[in-house]
Amino acid sequence: MEEPPERWARSCSPRQRYDMLTTNIIESMNSVLLEARELPILRMMDFIQVKLQRWFYERRNEAEGTFYDVSYWVEKELKKKIDLAFTLNVFPVDSWRSIVEEEGITFLVDLNKRTYDCFQFQFDELPCIHAIAAIEKRNIKKSNFCSH
């Protein structure tokens, strides 16, 4: 309770956090370097260098083989939502707005303003299933509606 709301509530956070929560980078590196902790300092530095080189090499190779407009994680999240979006009924209102119906509940999706009645986009800054359904109806690239 001593922490301000922007530190513990996604809705109050000034940063774009999508729906991923991460731990402190020092804790993460500490767990990676457990086996090197007892080594002499020069051997420990060599261990860290080799570990970082391997990580950068693997990630660079993965990135070079990626042809997405957004990160791999975002693309994977969008693909999960596409299957659900196909189960929704979409009724275009005008060139940017649509009514999307899910189990008898209707949502207004405004692609121009990037506002959706479910408010998921405002929190995640990724299109929700309702927005994806409206985007698919118009054959627009979904990545255009993801946060930079």
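Residues numbered from 1 in each chain as written. Predicted model: local features only at pLDDT ≥ 70, side-chain atom pairs only at ≥ 80, totals over all residues. Heavy atoms only, no water.

### Things to note about the sheet that holds strand β4 (residues 115–116)
Whether parallel or antiparallel, the strands of a sheet pair through hydrogen bonds between backbone atoms.
1) Next: Here we have four strands laid out as an open sheet, ordered β1-β2-β3-β4, and antiparallel in their pairing. At either end of the open sheet lies a strand with only one pairing partner, and these are β1 (89–92) and β4.
2) Next: The strands that helix α6 (residues 129–138) touches are β1, β2 (97–102), β3 (105–110) and β4; relative to β2, the one it contacts most, it runs at about 125°. (Pairing = 2+ DSSP bridges. Helix = DSSP H or I, 4+ residues; strand = E, 2+ residues; numbered from the N terminus. Contact = heavy atoms within 4.5 Å. Axes fitted to C-alpha atoms, helices over the stretch in contact; angles between N-to-C directions.)

### Looking at the nonpolar core
1) Next: One finds Val74, Val100, Val109, Leu111, Tyr116, Ala133 and Cys146 to be the most contacted residues of the largest nonpolar core, which totals 21 residues.
2) Next: Residues in contact with Val109, not counting those within four places in the same chain, are Trp96, Arg97, Ser98, Val100, Thr115, Tyr116, His130, Ala131 and Ala134. (Core = buried A, V, L, I, M, F, W, Y, C linked by side-chain atoms within 4.5 Å. Buried < 20%, exposed > 50% of the residue type's maximum accessible area, 1.4 Å probe, protein only.)

### Points about α6
1) Next: Across the ten residues that make up α6, a large majority, eight, are buried.
2) Next: For α6, the full list of buried residues reads Ile129, His130, Ala131, Ile132, Ala133, Ala134, Ile135 and Arg138.
3) Next: On the buried face of α6, the contacting elements are α4 (72–85), β1, β2, β3 and β4.
4) Next: Positioned one or two residues after α6, Asn139 has a phi angle of 55°, which is positive.

### With respect to the pattern of salt bridges
1) Next: Under the counting rule described, the total for this entry stands at three salt bridges.
2) Next: Residue Glu77 is joined to Lys80 by a salt bridge in which the shortest nitrogen-to-oxygen separation is 3.0 Å. With a gap of three residues between them, Glu77 and Lys80 both fall in helix α4, about one helical turn apart.
3) Next: A salt bridge links Asp94 to Arg97; its shortest N-O distance comes to 3.0 Å. (Salt bridge = Lys/Arg side-chain N within 4 Å of Asp/Glu carboxyl O.)

The values are spatial; any link to function lies outside them.
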